[in-house]
Amino acid sequence: MISPRTKSPLRAGRWVRTATGVATIALLSAGCGNGSASPPTGTNSPTSLPVATSPAGGGAVLTWDGIIGQGMAVADGHTYLAWNHKGWKYTQPNLLSLLDPKTGRLSDTVQLAGAFHQALEAGGSLWVAESTPSGGLLERRNPNTLALIGKVSIDVGPSGFAPSMATASGSLWVAGGKTLTRLSLPDGGVLAGYTISDQAGSSSLGHDSGETQLVVGWASPGGVGGVQLRDGRSASVIAQSSEPLFGVAAPFVSDISGNTMWISEPTGNMGYVENMRLPSMQAQHSTMIEGSNGIRARIVAGVLWVSQQAGGPKSNFCGDPATGMPWAALSGDLGATGRLGGVGGVYFYVFGTAGDGTGIAQFNIPSSCRPSTLTGGTASA
């Protein structure tokens, strides 16, 4: 196996990272699907909504058949699901619904303007980051009804990558291309813009638990990049990785837990995840886990979640964010085709439970992965 750190970087294609936050890469096109179901024609106009079922015996708590999960967000008592009907595959239209984790009911379904990447609640609104044929887009929506309040266009440069969001120091921060933008809350007005790197073509964003610092991943169009630690108010660079990272796009960066974070680097057909210590920004190579370009590491409420489709127990577990030591394997619940779709509250969600890539299942988080601090948060597919 070629080490991802010495593999020649490949040029990034026009592919869209799904969330979010904060997750495999879904291949999305800009055309409309020809599925038998009709998309919603307006806000809160549900159509052919899937019905959750409760499987007999152990395993999943709830399942939804015949739909494709694109991403999730769990925050402030709300669970949001971005999805498509089976017949639409990975084409638009893309739908967003409120999900009741107790009953499995989907409600307030709306059609998004673009391909879903990430969603988070900030300033009393739900912010949805999307990729459209004309560039990056943030939709501001009512978190209780998903009614559209406003839109903010985000310049993501020529790469076509979706914007990435995080909150810090009372503002909403957005990374797109080579630019880091600070938006005011609750209205989303642009306060300031900063250059991540003159060479950046794609970028990603995370923050610490106190929302005082930002972590920024970036890569040039040729695939050479790094990670920065920035002040959450001034955006000044506190520290940055001392060795270059090589991949097809910016490394996915997790949120910060204590003095540690994780990066997920797609390097072509391969990829890897590894721990990075703060404030030195030194990668801990002993923690590296290699896999496909879909392997991801996320930190949700102080717990590390590593996932890769068909990766087995080595690449599907929850564990210690400081060391990468597994606490519980998830491979049995993910099966041969599933991938981690989201984490929040007392549940985690698996996308692609069926062999054709459709289906969603909800599982109880293992007790060993649910410390007293795990009350919310999200890991998005």
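Thresholds, definitions, all that
- Residues numbered from 1 in each chain as written.
- Predicted model: local features only at pLDDT ≥ 70, side-chain atom pairs only at ≥ 80, totals over all residues.
- Heavy atoms only, no water.
- Pairing = 2+ DSSP bridges.
- Helix = DSSP H or I, 4+ residues; strand = E, 2+ residues; numbered from the N terminus.
- Buried < 20%, exposed > 50% of the residue type's maximum accessible area, 1.4 Å probe, protein only.
- Contact = heavy atoms within 4.5 Å.
- Polar contact = N/O pair within 3.5 Å; in protein donor to acceptor, adjacent residues only side chain to side chain.
- pLDDT = per-residue confidence, 0-100.

Observations concerning the pairing of strand E7 (residues 106-111)
Then comes step 1: The pairing of strand E6 (residues 95-99) with E7 spans 4 bridges and is antiparallel. The residue bridging Leu99 from the neighbouring strand is Leu106, located in E7.
Then comes step 2: Counting the residues that bridge the hairpin from E6 to E7 gives 6 residues, and of these Gly104 lies at a positive phi of roughly 80°.

Examining the environment of Asn275
Then comes step 1: Position of Asn275 relative to the elements: it lies in strand E23 (residues 270-277).
Then comes step 2: By relative accessible area, Asn275 is classed as buried at 0%.
Then comes step 3: For Asn275 and Ser254, which are 21 residues apart along the polypeptide, the C-alpha to C-alpha distance reads 9.8 Å.
Then comes step 4: Among all residues touching Asn275, those that are not within four sequence positions of it are Thr260, Met261, Trp262, Gln282, Ala283, Gln284, Thr287, Pro321 and Ala322.
Then comes step 5: Reaching out from Asn275, the side chain makes a polar contact with the side chain of Thr260 at a distance of 2.3 Å.
Then comes step 6: A polar atom in the side chain of Asn275 sits 3.1 Å from the backbone oxygen of Pro321.

Some details on the confidence of the model for the protein
Then comes step 1: In the predicted model, the protein carries a mean pLDDT of 84, and the fraction of residues at 70 or more is 83%.
Then comes step 2: A low-confidence stretch, residues 1-46 stays under pLDDT 50, and its non-local contacts, those more than four residues away or across chains, total 148 contacts.
Then comes step 3: Predicted confidence is poor over residues 373-377, with pLDDT under 50, and the contacts of this stretch with residues over four places away or in other chains come to 14 contacts.

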